[in-house]
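The lines below spell out each chain.
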Amino acid sequence: MQNLKGKNIIITGGGRGIGAEASRLLASEGANVILTCRTKEEGLLVEKGIIDTGGSAKYIYQDVTSENDWDNVIKSTILEFGRVDSVVNNAGSFLWQSMEGGSLKEFKNIIDQNLTGSFLGLKYGTKAIRMHGEGGSIVMVSSVLGKVGAANATAFCAAKGGVRLLAKSGACELGPEKIRVNSIHPGLTDTDISKTFSDGVDESQYIKSNIPLNRKATSHEIAKTILFLVSDESVFITGAELTIDGGMSAR
Amino acid sequence: MGKLDNKVAIVTGATSGIGRETAILLAREGAAVVFTGRNKDAGKETGDLISQFSPKSMFVPHEVSDEDNWIEVVQKTKKKFGPIDILVNNAGQFFLKPILETSLDDFNQICSVNIDGTWLGMKHCLKEMNDGGSIVNISSLMGQMGLPDAAGYCASKGAVTSMTKAAALEVAGRNIKINALHPGVVWTPMVGGGGDGSDDLKSFFELETPLREVGLPKNIADAILFLCTTEYLTGSDLNVDGGRLADGAMGSNAI
């Protein structure tokens, strides 16, 4: 299947977890994948893996909170591939901190990594997609904790809740130009971020009492949702939120 | 190789619009498809379209609010193709009428098709469904927000939205996924498409939608296929509405 043949797709946080898996899946569908992250070795490894299996990928260093880095990612992509069709704003980080014990500095850092980074991705992605005027798809990787609250996760919930409405506002503003913006809300997934999450809880007990499907998601399952949203199978979907949480937030 | 090879699917309301498009797409992806509806002639047309490329389909005349009729659909499906993997509860009814002009009979009628029909479909198919199966309930954008003169429709679709989540929790242990899909304005016979609707009405809906277009049955069918093939999504909502729900507060023309 080569549903994404010729599409140029930027994926942030592409060095590991959902971002790495999405990079591999989208490349296997024919996309030119531009994957970014701060950990160069990991990014290069994903790039190599894709190229070795016949796909097209390019790693670019990026701190998603830096406007200069966004400018560079967009310019490099256009220079090498000609245009931008989609941006997957996947980079993010998680932190447990109690309201009273947490520092403002850490709170702001979580907002920057998850929300401000996504805003810049929306802004620079839109600029780039507008250059060809044929529309495109922007995917925001929020979290189930962008829809429901969790004790000791105020910063993450605030940031991911912000991402959810950032996507909807973007969808309203950019719809007439056929630039679609959607958010996805993964539950507990088999990734490093969820390891951080699980540091604070008894994981098997947590899964048993909170996840109706009684298991974590795989990164591949989340990547398939991203694939759907950047493909032409979702051309009438914008401003939507896809919750992939094994039924966690249905109750 | 299709995405649904060896799967058995039931699609209700498949004599036109979204249901017909879905029955065709699921069959194209390799599923054996039982498609149902009230209009036998239109059912035959859907069947003709499918039989051009797949021998594995069957039409069963169906009034979804009738329990005995549901039992018949399920038994015929089981007998011909085996246990069920996919149910698409698509059949639905729509009317616009102010509350003061709506009779209790009108209200009960729309609820019996949209709510009872969906509930009966889940009840009788779940008995004969393979573990790991998938149910997609077609709710509506109007199952999430209000519309003047549509209290009956909104009430019935709101019920579909909620019972989808309850049912999903109930059968998660069997790894059966149940999700609600919320179409926005899709240009089908139910809302005035298919030759009956005026261009003015279509333009009105287009301007009200952030993407500045109305949906096509294919857009919804593609999303149904996605929900049928996803493994970790359950008790969830998928809007296929061109951005209408996201734009609820302001209206897309607001600055």
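Scroll up to find the structure.
These remarks concern the structure in this document. Note that the structure is predicted; figures quoted are calculated from it, not measured.

About the cut-offs
- The numbering scheme is per chain: residues are counted from 1 as the chain's sequence reads.
- Naming scheme: in the order in which they are written, chains are lettered from A and ligands are numbered from 1.
- The predicted origin of the model limits local features to residues at a pLDDT of at least 70 and limits the giving and counting of side-chain atom pairs to 80 or more, whereas totals for whole chains, interfaces and linings rest on all residues.
- Hydrogen atoms and water are omitted, and side-chain values are computed over all heavy atoms in the structure.
- Any two strands with at least two DSSP-identified bridges between them are counted as paired.
- Each helix is a run of H or I in the DSSP string that is no shorter than four residues. Each strand is a run of E no shorter than two, and both are numbered from the N terminus.
- To get an axis, a line is fitted to the C-alpha atoms, and for a helix only the part in contact is used. The angle between two axes follows their N-to-C directions and goes from 0 to 180 degrees.
- Residues are said to line a cavity or pocket when one of their atoms sits within 4 Å of a point; the points come from a 1 Å grid over protein atoms alone, cavities being sets where a 1.4 Å probe fits but cannot get out and pockets being open sets with protein on both sides within 12 Å along at least five of seven lines.
- Grid points are joined across faces, edges and corners, and a volume is the space filled by probe spheres set on the points.
- Only heavy atoms matter for contacts: two residues are in contact if any of them lie within 4.5 Å across the pair.
- When two parts are put together, the accessible area they lose, computed with a 1.4 Å probe and summed over both, is reported as buried area.
- When a carboxyl oxygen of Asp or Glu lies within 4 Å of a side-chain nitrogen of Lys or Arg, that pair is called a salt bridge.
- Put simply, Ala, Val, Leu, Ile, Met, Phe, Trp, Tyr, Cys and Pro go in the nonpolar bin, Asp, Glu, Lys and Arg in the charged bin, and everything else, Gly too, in the polar bin.

## Considering the sheet that holds strand 3 (residues 56-61) of chain A
All names here are of chain A. Taken in spatial order, the seven strands make up an open sheet running 3-2-1-4-5-6-7, and their pairing is parallel. Strands at the two margins of the open sheet, each flanked by one partner only, are strand 3 and strand 7 (241-244). Across the sheet, the axes of successive neighbouring strands diverge by a mean angle of 20 degrees, strand direction being ignored. In this sheet, strand 7 lies alongside strand 6 (residues 179-186) in parallel orientation, the contact comprising four bridges.

## Topic: the layout of surface pockets
In this structure, the largest pocket encloses a volume near 1,200 Å³. Lining the largest pocket are 49 residues, and of these F94, Y153, T188, M190 and V191 of chain B sit closest to its centre. Those elements giving two or more residues to the lining of the largest pocket turn out to be helix 1 (17-28), strand 2 (32-37), helix 5 (151-171) and helix 6 (199-208) of chain B. The element that contributes the greatest number of residues to the lining of the largest pocket is helix 6 of chain B, accounting for four residues. Together, 39 residues line the second largest pocket, and N90, A91, G92, S93 and I193 of chain A are the ones closest to its centre.

## Points about the interface of chain A and chain B
At the junction of the two partners, chain A supplies 36 residues and chain B supplies 34 residues. With both sides pooled, the region where chain A packs onto chain B buries about 2,900 Å², and carbon together with sulfur makes up 66% of that total. Taken together, the connections running from chain A to chain B amount to one salt bridge. Note that K178 of chain A and E213 of chain B form a salt bridge whose closest N and O atoms lie 2.6 Å from each other. Secondary structure elements with two or more residues in the side of chain A that touches chain B: helix 5 (154-174), helix 8 (219-230) and strand 7 of chain A. Of the residues in the side of chain A that touches chain B, the class split is 17 nonpolar, seven polar and twelve charged.

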